[in-house]
Structures are given as structure tokens and as C-alpha cells.
Amino acid sequence: MRILLTGANGFVGSHVLDALVRTGHEALVLLRETSDPRRIARLLPKVRVSRGRLEDPASLADACAEAEAVIHCAGLTRALRAAAFMEANAAGTDRLVGAANRAPGVRRFLLVSSLAAAGPGTPEHPARESDPPRPVSAYGRSKRAGEEAVRASARMPWTILRPPLVYGPGDPELRRVFRWAARGRLPLPHTGGQPLSVVYAADLADALLACLEPPACHGKTYHAAHPDWTTAAALAGAIAAAVGRADRRRVRIPRLLLPPLCAAAHAAGLLTGRPGVINLFKRPELTAPGWVCDTALLARDAGFRAATDLAEGLRRTAAAYRAEGSLPAANASGLPAERTNDA
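First things first, this report covers the structure right here in the doc.

Conventions we followed
Residues numbered from 1 in each chain as written. Predicted model: local features only at pLDDT ≥ 70, side-chain atom pairs only at ≥ 80, totals over all residues. Heavy atoms only, no water. Helix = DSSP H or I, 4+ residues; strand = E, 2+ residues; numbered from the N terminus. Expected span 1.5 Å × (residues − 1). Buried < 20%, exposed > 50% of the residue type's maximum accessible area, 1.4 Å probe, protein only. Contact = heavy atoms within 4.5 Å. Core = buried A, V, L, I, M, F, W, Y, C linked by side-chain atoms within 4.5 Å. Pairing = 2+ DSSP bridges. Right-handed = clockwise from strand over helix to strand, strands pointing away. Axes fitted to C-alpha atoms, helices over the stretch in contact; angles between N-to-C directions. Lys, Arg positive; Asp, Glu negative; His and termini not counted. Salt bridge = Lys/Arg side-chain N within 4 Å of Asp/Glu carboxyl O. Phe/Tyr/Trp six-rings, centres within 6.5 Å; stacked < 30°, edge-to-face > 60°. 1 Å grid on protein atoms, 1.4 Å probe; cavity = no way out; pocket = protein on both sides within 12 Å on 5 of 7 lines; lining within 4 Å. Points joined across faces, edges and corners; volume = space filled by probe spheres on them. Nonpolar A, V, L, I, M, F, W, Y, C, P; charged D, E, K, R; others polar. Parallel < 35°, antiparallel > 145°, perpendicular 65-115°, else oblique. Left-handed = near helix turned anticlockwise from the far one by under 90°. Polar contact = N/O pair within 3.5 Å; in protein donor to acceptor, adjacent residues only side chain to side chain.

### Some words on helix H4 (residues 138-153)
For H4, which comprises 16 residues, the first-to-last C-alpha distance of 22 Å matches the rise-based estimate of 22 Å (1.5 Å per residue) to within 8%. Of all the residues in H4, the buried ones are Ala138, Tyr139, Gly140, Ser142, Lys143, Gly146, Glu147, Ala149 and Val150. Packed against the buried residues of H4 are helix H3 (82-102), strand E5 (108-112), strand E6 (158-162) and helix H9 (283-286).

Here is the structure:
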């Protein structure tokens, strides 16, 4: 199938592109003129590239012209103003849907949304697709608006996937966390007890492909995650184990310090023009009771169950970071080589 993929040079999109090439689909990728293609450089000879952007309807029409399906991964995950989220994640999706509607051959549209569009969930009351959406952040509201654009306007069968925390090789933010862990220190908000669903990036890509053909998936929204949930503290411990630093120190951020920390980081972002991973828009997500979702519906309709558990996924991620030189190699003791003599 000829599939147009947006966001192919991003973290999630690069894993989706890898899955498309691996499974024999003809991939068409939409890249900005200013995009950095290094993450997907090895795949570019195997795909067709269209230059354009979500803000430009004409370039979207050109990109969709020969596609049979669209997988929309592009979006904004960090911003300093709520309007920026809405422009990228809602208006951009709406324009892409319009271009797909006008293309003669597009017969499927898949949107990568976010669990943030559904709202928080706990192990006792996991978020389910049938629940009324309760997004708590500007990001979540923008992803919810993007979903509504698909539901309201798409003239072809559509499917929406809502992943929770996505991790795996190639994530620049996770790379930073792994480096902290290798140094023996990991920051942890307040108690670290926030329960979390997670999904390995390659599994999320497989979930998208599993939804591509089955008619049972048409017009449906799914939560795509590994069925086992974890906590922020357990995730930190698993990352430390993956880099061989079981002796890491948890640097806890007291709950009372979180608001001023988010405000200060947001102000710094406004000064530099570069939003950080922590900011005022992130605070409602950090203080939510949990981000746990039910995955039964995706298993029922697409026969998909995420295969990679947390320990294995983090082990593969650490190996990838070591291979690219972002982490020191571990020695026989299990400690990173440069840290062997640490007290």
C-alpha cells in the first residue's frame, strides 16, 4: 500500500517509517524544507519524499495525490503558548484531512493522538475509549481537537490511536534521562507514585499497521499501550537498572516546589524561545492521579498486544544509546566504564 506518513523524522514517526519499510509498504514521507533527516537517513533511499508543511494546504494536496492511506504522526508536543498547540495539532490535522478528502486514492486515515486527549486514569479506574474525554492540559485539549477534526470531516474510514508515554531508541528527552541515570542521579517528582501506562515505540508502530486493514478498526479510537502499568518511581528504577546503575540516587522534587519550578522553566523558555520539557503546560499532567489506560479494545478488534515489556524495552534503548555513543559502555561490574570508581 502507498502510505503517506507525516512526522517521519520525529521520534515516533521514525519507528513507524521503519515498520512501513520493513513490511513492504511504499512509504511517502512529508518533510519540511528545514527538517533534519538524520534520524531516518538510512531509510531515505527506500522512500519517496514530498516537501511541505501542515500550514500549507497546497503542499498537503501534492503529498496526498498518490497516496492510498495517510498515517498522521506529525504534531507539537512542547510549546510556550496554547495557541501553538491548537495550530499544529488541531488546525494542522484538519488541513491534512481536507487534503486527503480531495485526493482520489486515499482510502484510509490513521491519526496518532495521545492519552492526554482522553485524560487521566488509574489502575482502579483506567481510561477507556468509551469514557467522556477529560483532557487536563493545553496539549491534551489540542490533541482532542485534532481527533474531532478527523471524526467530523474524514470521508474515508479512519482510526485514531492514543498512546500514553512512548519510549524507545531515538527519543532525545529519554536520552537525557538515561544520561542522568548513568551518572547515578535521577530527578523524580514528589513521591514517584504516579501510575503510568507505557508503550515501546516499535510496538506502537506495529499497532498502527495492525489497524490499517481490518474493517473492525474503521471509525474507532484505541488506547495503545503495554497491558502492564508501572509507576514513575519504578520507571526510574528500571532505567537505572538498564544502564547498570542500581545505586542511583533519586533526587526528589517536593510537590510544593513543582509550581515555581514549572513557572521558572516556562519563563526561561519564553526568554530563549525554546520550550523545555517542564513548563506550565506540563504541570497538570505531572500532578494528575495517573495515566493508566485499558488496552482490551485494541486487542479485540485488531488482535494486537504490545509484545515488549518495560525491562526489555529499556534494555534495547540503552543498547541503542550506547551504540550511538550517547551512553558509556558498561563494564563487567555492570557500571558504566567512566563511573567504575565512584564512591
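### Overview of the nonpolar core
Core analysis: the largest hydrophobic core is formed by 39 residues, its most contacted members being Leu5, Val16, Leu17 and Ile71. When contributions to this core are tallied by element, the ones reaching two or more residues are strand E1 (2-6), helix H1 (11-22), strand E2 (26-31), strand E4 (69-72), E5, helix H6 (201-210) and helix H10 (296-302).

### Overview of the pairing of E6
Counting buried positions over the 5 residues of E6 gives 5, a clear majority of the element. Along E6, one buried face is formed by Trp158, Ile160 and Arg162 and the opposite face, lined by Thr159 and Leu161, is buried too. As paired strands, E5 and E6 are joined by 4 bridges and run parallel to one another. Among the inter-strand pairings, phenylalanine 109 is bridged to a residue of E6, identified as tryptophan 158. Read from E5 through H4 to E6, the crossover connection turns out right-handed.

### Here we look at the sheet that holds E4
Sheet strands associate in pairs through backbone hydrogen bonding, adopting either a parallel or an antiparallel arrangement. Reading across the sheet, the 7 strands line up as E3-E2-E1-E4-E5-E6-E11 and stay open at both edges, with parallel pairing between neighbours. Strands at the two margins of the open sheet, each flanked by one partner only, are strand E3 (48-51) and strand E11 (220-223). On average, each strand axis in the sheet is tilted by 20° relative to the strand beside it, whichever way the strands run. Where E1 and E2 come together, 5 bridges link them in parallel fashion. Bridge pairing links arginine 2 to glutamate 26 in E2.

### Things to note about the side chain of lysine 143
Mapped onto the secondary structure, lysine 143 falls in helix H4. Although lysine 143 is buried, it makes no salt bridge; glutamate 147 carries the closest opposite charge, 7.8 Å away. Here lysine 143 is in contact with Asn89, Val112, Ser113, Ser114 and Ala117, once residues within four sequence places are set aside.

### A few points about the packing of aromatic side chains
In the structure shown here, the tally under the stated rule is 3 aromatic pairs. Consider the rings of phenylalanine 178 and tyrosine 321, whose centres lie 5.3 Å apart with planes at 75°: the pair is edge-to-face. One end of the pair, phenylalanine 178, is in helix H5 (residues 172-182); the other, tyrosine 321, is in helix H11 (residues 310-323), with 143 residues separating them in the sequence. The residues phenylalanine 178 and tyrosine 321 share a single accessibility class, namely buried.

### Some remarks on the layout of surface pockets
Vacant regions in the atomic arrangement are exposed by a probe of water-molecule size rolled over the atoms. In this structure, the second largest pocket occupies an estimated 280 Å³ of space. Taken together, Ser14, His15, Asp18, Arg39, Ile40, Arg42, Leu43, Pro169, Gly170, Arg175, Ala320 and Glu324 make up the full set of residues lining the second largest pocket. Ranked by the residues each element gives to the lining of the second largest pocket, the list is headed by H1, at 3 residues. A per-class count over the lining of the second largest pocket returns 4 nonpolar, 3 polar and 5 charged.

### Some points on H1
In a regular helix each residue adds 1.5 Å, so 12 residues correspond to 16 Å; H1 covers 17 Å between its end C-alpha atoms and thus fits that length. Judged by how many residues are buried, H1 sits mostly within the fold: 9 of 12 residues are covered. In this structure, the buried side of H1 is in contact with E1, E2, E4, strand E7 (165-167) and H6. One or two steps after H1, the chain reaches glycine 24, where phi turns positive at roughly 85°.

### Description of the packing of helix H7 (residues 232-242) against H11
Taken N-terminus to C-terminus, the directions of H7 and H11 make an angle of 45°; their axes are 9 Å apart at the nearest point. Classified by the angle their axes make, H7 and H11 are oblique. The two elements H7 and H11 cross, and the hand of that crossing is right-handed. Residues Leu235, Ala238, Ile239 and Ala242 of H7 lie in contact with H11, whose contacting residues are Leu310, Leu314, Arg315, Ala318 and Arg322. Of the residues in the contact of H7 with H11, the class split is 7 nonpolar, no polar and 2 charged.

### What to know about the environment of histidine 223
Structurally, histidine 223 can be placed in strand E11. Classification of histidine 223 as buried rests on a relative accessible area of 0%. Residue contacts for histidine 223: discarding those within four places in its chain leaves Leu115, Ala118, Ala127, Arg128, Glu129, Arg162, Cys293, Asp294, Thr295 and Leu298. A polar contact is formed between the side chain of histidine 223 and the backbone oxygen of alanine 127, at a distance of 3.2 Å.

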